[in-house]
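# Observations on chain architecture
Here is what each chain is made of, one letter per residue.
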Amino acid sequence: MSSAAEQEAGQGPAGTPAETGEPSGGPGAGTRTDAPRPRGAGPVRSDAEAAVRAEAAQAHRAGRAEAVRAGAPAPAVWPGAPMPLGARFRVGPDGVAGTNFALWAGGAEAVELCLFDERGAETRCPLTELTHEIWHGFVPGVRPGQRYGYRVHGRWDPWTGARWNAAKLLLDPYARAVDGTFALPPEVYGHVRDWPDQHVADTVRDDRDSAPFVPKGVVVHDDDDWMADRRPKTPWADSVIYELHVRGFTELHPDIPPELRGTYAGLAHPAAIEHLTRLGVTAVELLPVHQFAHEDHLLRRGLRNHWGYNSIGYFAPHADYSASGTAGGQVGEFKRMVHALHDAGIEVILDVVYNHTAEAGELGPMLSLRGIDNRGYYRLRDDPRRYADYTGCGNTLHVVQPQVLRLITDSLRYWVTEMGVDGFRFDLAAALARSMHDVDMLSPFLAVIAQDPVLRRVKLIAEPWDVGNGGYQVGAFPPLWTEWNDRYRDAVRDFWRGALPDVRDLGYRLTGSSDLYAWGGRRPYASVNFVTAHDGFTLRDLVSYEQKHNEANGEGNRDGTSDNRAWNCGAEGEIDDPEVNALRRRQLRNLLTTLLLSTGVPMLVAGDEMGRTQGGNNNAYCQDNETGWLDWSLLERPEWRELTELTARVLTLRRTHPVLRRRAFFSGRAQAPDGLRDLAWFTRDGREMTEGDWYAPAATLGLYLSGRDIPGRDARGEPVTDDSFLAVLHAGAEPTAFALPGAPWASAYELLLDTSREEQAEAPGTVLDGGREMTVPARSVLLLRVTA
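Residues numbered from 1 in each chain as written. Predicted model: local features only at pLDDT ≥ 70, side-chain atom pairs only at ≥ 80, totals over all residues. Heavy atoms only, no water.

## Considering the packing of aromatic side chains
The criterion, for reference: The aromatic pairing rule takes the rings of Phe, Tyr and Trp, using the six-membered ring of Trp, and pairs them if the centres are within 6.5 Å, calling planes under 30 degrees apart stacked, those over 60 edge-to-face and the rest tilted. Only DSSP runs of H or I with at least four residues qualify as helices, and only runs of E with at least two residues qualify as strands; both kinds are numbered from the N terminus onward. Note on exposure labels: buried denotes an accessible area under 20% of the residue type's maximum, exposed denotes more than 50%, and partly exposed covers the range between, all computed with a 1.4 Å probe on protein chains only.
Applying the stated criterion across every chain, the model contains 30 aromatic pairs. Seen from their ring centres, Y264 and F334 are 5.3 Å apart, and the 75 degrees between their planes marks the pair as edge-to-face. With Y264 in helix α5 (residues 264–267) and F334 in helix α8 (residues 329–343), the pair connects residues that are 70 residues apart, well separated along the chain. The pair formed by Y264 and F334 is uniform in burial state, with each residue classed as buried. With a centroid separation of 6.3 Å and 35 degrees between ring planes, the pair formed by F537 and Y545 is classed as tilted. You'll find F537 and Y545 in the same group, each marked buried. Here a set of aromatic residues connected by ring pairs shows up, and it is made of Y174, Y264, F292, F315, Y321, F334, Y414 and W415.

## As for the environment of W567
This is how it is decided: Contact definition: two residues touch when any of their heavy atoms are within 4.5 Å.
Within the element layout of this structure, W567 appears in the loop between α16 (539–542) and α17 (578–597). For W567, a relative accessible area of 23% corresponds to the partly exposed category. Residues W567 and V543, 24 residues apart in the sequence, show an inter-C-alpha distance of 5.3 Å. When residues no more than four places from it in sequence are discounted, the contact partners of W567 are W496, R497, L542, V543, S544, Y545, E546, L583, Q587 and R779.

## Let's talk about the sheet that holds strand β22 (residues 679–682)
Just so we agree on the cut-off: Whether two strands pair comes down to DSSP finding at least two bridges between them. Lines fitted to the C-alpha atoms define the axes, with helices restricted to the stretch that makes contact. Angles between their N-to-C directions range from 0 to 180 degrees.
Strand order in the open sheet formed by six strands is β22-β23-β24-β29-β26-β27, with antiparallel pairing between adjacent strands. The open sheet terminates on both sides in strands that have one partner only, identified here as β22 and β27 (767–769). Strand-to-strand twist across the sheet, computed as the mean angle between neighbouring axes with direction ignored, equals 25 degrees. Each of β26 (748–754) and β29 (780–786) touches helix α18 (residues 638–656); the most contacted strand, β26, lies at about 140 degrees to it.

## A few points about α18
Note: α-helices contain 3.6 residues per turn, so residues at a spacing of three or four share the same orientation. Put simply, the test is: Take the number of residues in a helix, subtract one, and multiply by 1.5 Å to get its expected span.
Spanning 19 residues, α18 covers 27 Å between terminal C-alpha atoms, matching the ideal 27 Å at 1.5 Å per step. For α18, every residue scored as buried is listed here: W640, L643, T644, L646, T647, A648, R649, V650, L651, L653 and R654. Contacts from the buried residues of α18 go to α6 (270–279), α16, α17, β21 (601–605), β26 and β29.

## Things to note about α8
Here α8 spans 21 Å end to end across 15 residues, near enough to the 21 Å set by a 1.5 Å rise per residue. Among the residues making up α8, those that are buried are Q330, V331, G332, E333, F334, K335, M337, V338, L341 and H342. Of the residues one or two after α8, G345 is the one with positive phi, at around 80 degrees.

## Side note on the environment of H356
Stated formally: Polar contacts here mean pairs of N or O atoms no more than 3.5 Å apart (in protein, one a potential hydrogen donor and the other a potential acceptor; neighbouring residues in sequence count only if both atoms are side-chain atoms).
Tracing the sequence through the fold places H356 in the loop between β16 (347–352) and α9 (369–377). Once the C-alpha coordinates of H356 and L397 are considered, the two residues, 41 residues apart in sequence, prove to be 5.3 Å apart. Setting aside anything within four residues of it in sequence, one finds H356 in contact with Y309, N310, S311, Y314, T391, C393, N395 and L397. A polar contact of 3.2 Å, which involves the side chain of H356, links it to the backbone oxygen of Y309.

## Considering the packing of helix α13 (residues 486–496) against α17
As a reminder of what qualifies: Here a crossing is called left-handed whenever its near helix is offset anticlockwise from the far helix by less than a right angle, and right-handed whenever the offset is clockwise. Residue classes follow a fixed rule: Ala, Val, Leu, Ile, Met, Phe, Trp, Tyr, Cys and Pro count as nonpolar, while Asp, Glu, Lys and Arg count as charged, and any other residue, Gly among them, counts as polar.
Two elements in contact, α13 and α17, have axes separated by 11 Å at closest approach and are oriented at 145 degrees. Relative to α17, α13 is oriented so that their crossing is right-handed. Contacts between α13 and α17 involve Y488, V492 and W496 from the first element and Q587, N590, L591, T594 and L595 from the second. Residue classes in the contact of α13 with α17 are distributed as five nonpolar, three polar and no charged.

## Some details on the pattern of salt bridges
Keep this limit in mind: The rule for a salt bridge is simple: a side-chain nitrogen of Lys or Arg has to be within 4 Å of a carboxyl oxygen of Asp or Glu.
Summed over the entire model, instances satisfying the criterion amount to 59 salt bridges. We note a salt bridge from R304 to D320, for which the minimum N-O separation is 3.4 Å. On the criterion of sequence distance, the pair formed by R304 in the loop between α7 (296–300) and β15 (311–317) and D320 in the loop between β15 and α8 is long-range, its members being 16 residues apart. A salt bridge links R637 to E639, with the nearest nitrogen and oxygen atoms 2.9 Å apart. The class of R637 is partly exposed, set by a relative accessible area of 38%. Look at E639 and you get partly exposed, because its relative accessible area is 21%.

## Some points on the sheet that holds strand β11 (residues 216–218)
Sheet strands pair by backbone hydrogen bonding; their relative direction is either parallel or antiparallel. Within the open sheet, the five strands sit side by side as β4-β3-β7-β11-β10. Their pairing is antiparallel. Each edge of the open sheet carries a strand with a single partner, namely β4 (122–127) and β10 (177–179). Across the sheet, the mean angle from the axis of one strand to that of its neighbour is 40 degrees, orientation sign disregarded. Note that β10 and β11 share three bridges and pair antiparallel. When the bridges of β11 are listed, V178 appears paired with G217.

## What about the packing of α17 against α18?
Put simply, the rule reads: Convention used here: angles under 35 degrees read as roughly parallel, angles over 145 as roughly antiparallel, angles from 65 to 115 as roughly perpendicular, and any remaining angle as oblique.
Where α17 meets α18, the axes come as close as 10 Å, and the angle between the chain directions of the two elements is 20 degrees. Taken together, the axes of α17 and α18 lie roughly parallel to each other. Judged by the sense of rotation from one axis to the other, the crossing of α17 with α18 is right-handed. Only E639, W640, L643, L646, T647, V650, L651 and R654 of α18 make contact with α17, whose side of the interface consists of R585, L588, R589, L592, T593, L596 and L597. Residues of the contact of α17 with α18, tallied by class, amount to nine nonpolar, two polar and four charged.

## Comments concerning the side chain of N310
Mapped onto the elements of the fold, N310 is located in the loop between α7 and β15. What makes N310 buried here is its relative accessible area of 5%. Engagement of the side chain of N310 in a polar contact is seen with the backbone oxygen of A293, the distance being 2.8 Å. Sequence-distant contacts of N310, defined by excluding residues within four places in its chain, comprise F292, A293, H294, E295, N305, H356, T357 and A358.

This is the structure we're talking about:
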C-alpha cells in the first residue's frame, strides 16, 4: 500500500512512470528537459559548470551520432567465461586476443557492455550469456586501454528495493583502473535529484543518460612479475606503523619533482623514502587509495573529499594520485611504489573501506552497485526503500550475501597477490562483522578471512567499532587480528593532561592491554597503540587547542568530535608566548616517547614527528589544501627538527632492545629461579606499588622492565636476554623527587632520555646510584638503563 504522499505524487508500486512508459515528469528527467526548476531543488550550478556539462553531453551525442553515420557495427561478442569477474585481457579461442567481461547482476533482466572510444563515442554490446547470475562475454580485439562501463536493465520499483535504470552508465565493481572524475551532476542520479517533494524523490526515475558525466573503467593488462620483489615480512612485534596520505605527504615536499608531488610516484621518490627510513618506521599505512568519489555536499561548497573514505572502485588505485595518466598507467605506478618501499624494508598497509560505498542513501547517486543490483549489494531496512546504515554514510554493504563477500575477498587478494601490499586496516570493521544485524565474531566475513590461504598471512588491523547498536568491539576480534586501541589513546591523553582519576587503566595500556587482549592466544601486538590518528587533532594541535576549529569545513563547526581530551597548555591556539610554546613542545615529547616505549604496536601519524598543525581542525577530511598537507618547511626550524630526531632516537632504542617490543604479555613473576619479575611498578618513594596505590590519584609512575626475563627464544632456540630499563613518567606541574629502586633491581642506572630537554645527548648519559633519590623535572619522561 503506497503512502498518501506517494499517491498524491502519482507514484506507487502499481503506477510508477517506469511501468507505464511515461516520463517521470521531473525537471530535466525523461523528456521534460525544459520544465521550470522547482523550489527547494538545491542551489543553481555555476555558469562554468553548466558549460562543462553541456560540452560533455554534446561531445557524447556527437560521438554516438558519428558512429551511427559511419555504420560502425557492434563488435562480435563471443560467449566467454563467467570467471574471473571483471575485464580480463587474454588470448581467446583460435589465438584471438581480446577481453573477457563478466559481471554479477543477480536480478537483472539484461546487461549491455558499453565501449567508449577516445572521442566518447559509445558502442553497446549486449551480453547474452548468463551463468550463475553472472553475465559474460568475450569481445575480440578489445585491448588494454579500452574504456568501458555497463548498462543494466531491470524493474524500477524502489518500494521493493529494485532500482534498475539502464539510462545510467555503471562502473564495473571489478574495474582495475578508472578514467575520469565523479562530479555528481543531476544526470548521474537514478532518481530525479531535484524533485520538489524530497520525501518521494528517490521513487521518481530519471531517464537522462549519465554516460557523459561519469568515469569509465579501463581494461588493464596484468603483466608485472613479482618474483623479484622481496616483501619485508616484518614480524608484528617489531612493527612501527606510520599513517600517511599519499597526496598530503608528498604535495609540498621540496625535494620531490613538482610533476610527481601528490602521487604514488612521489611517495616512491628517494626523498620521501629517506624520511621514512631515517625515522625507523617499518610500515606505511596509506589512507584510502581505492577509487573514491567526492560527496555532492562538498562539491556544492567548493570542497573535495581529501581522506578518501568514500570508495566506489575496490580494485582501482585512485586516479587522482597518478602521475602516469589514468588510462591504466596508475596501476603500474602503484606497483612501482610498492616495489620501492619494499626495497627500503618498508611494508605497505592499505586503509580499506568495505563497509559502505560512495552511493550513499536512497537520495545518493547511481554509480555502480545500486544500479547493478541494489538488493543484492546493500543492507536494506524493513522498508526496502531505505538503507540500513551502520556507518553514518548512508548505506552499508551486505557482507552476508555471497556475492558481496566474494567482491571484498577478491579485492583483498588482488591487492596482495597482484599489487604487492602487505596488509589492511579495515575502516569500521564491526560493520563487516555483522551477521544479519548484530556484530558476530563468527560472521561469514571473519570466517572467510581466517581460512583464506592468502589473507590469513597478511597484516589485518580492525577499527573495532561502527556507529550501530553494539558496534563498539575493542578487544573482541579473534586471533590473527590486531586492533586500533582507542582506550590506549584516551588513557595516555588523560594522564598527560592530568585528568586520570587513578593509574589502573594507564598501567594496562603501557604494557600491552592484557585486560583486552590476553585471551585466545592473542599477544601484546594485538594492540595498535596510538595517541593521534588522521581523524582528530594532530599531536601539536592536541597540546595547542582544547576546542575544535572546523569552520573551514562549512558545517558550522558541528562536524568532528567535541571529546578531544586535549590540553592547550593555558592558551587556545598558536601564540608567541615562549613559555607556553616550550611547554607544548615538552608535552609533544612526552606523548611521543610514551607511545614509542609502550608495549604493543605503535602508530605514528605523518607529520606529528615534526609538529604538523591543522590549525585546530579535528576533522580535516575535506581539506585538500595546506591544512591537510604536510608542511616540510617545519624541518628548517631547530625546535621541530629536534622533535624529529628524538622520534628517530627512541625508535632506534625500540628496534635495538627486545624488552621494549615483547612478544608475550608480562606475568609479574620471575621467569627463572634466579631472575627478577619481568615487570615491577614503583611509586615515587621507591617502593613497589600495592593494590591501594592503583586506586589512588598519581602524577608519577615508575615501571621496571627486566631484560633477564623475556619469555621465548630466538630463531636459533637460544634464550632472549636484554638490558633492563626503568621508565619514570611524571605528569605533575612541579619537579618531584623519585627514589631509584636499589638491590635487587639495580645498583646503578644510566640516564638515556629526558624529555624535559629540547636536545637529547647522543653520548651515554649520567650514571645514578640505585637506592638514591633523583629529581624528576616537571612534566617529563625519563628512561634509565640498568648498568649494574
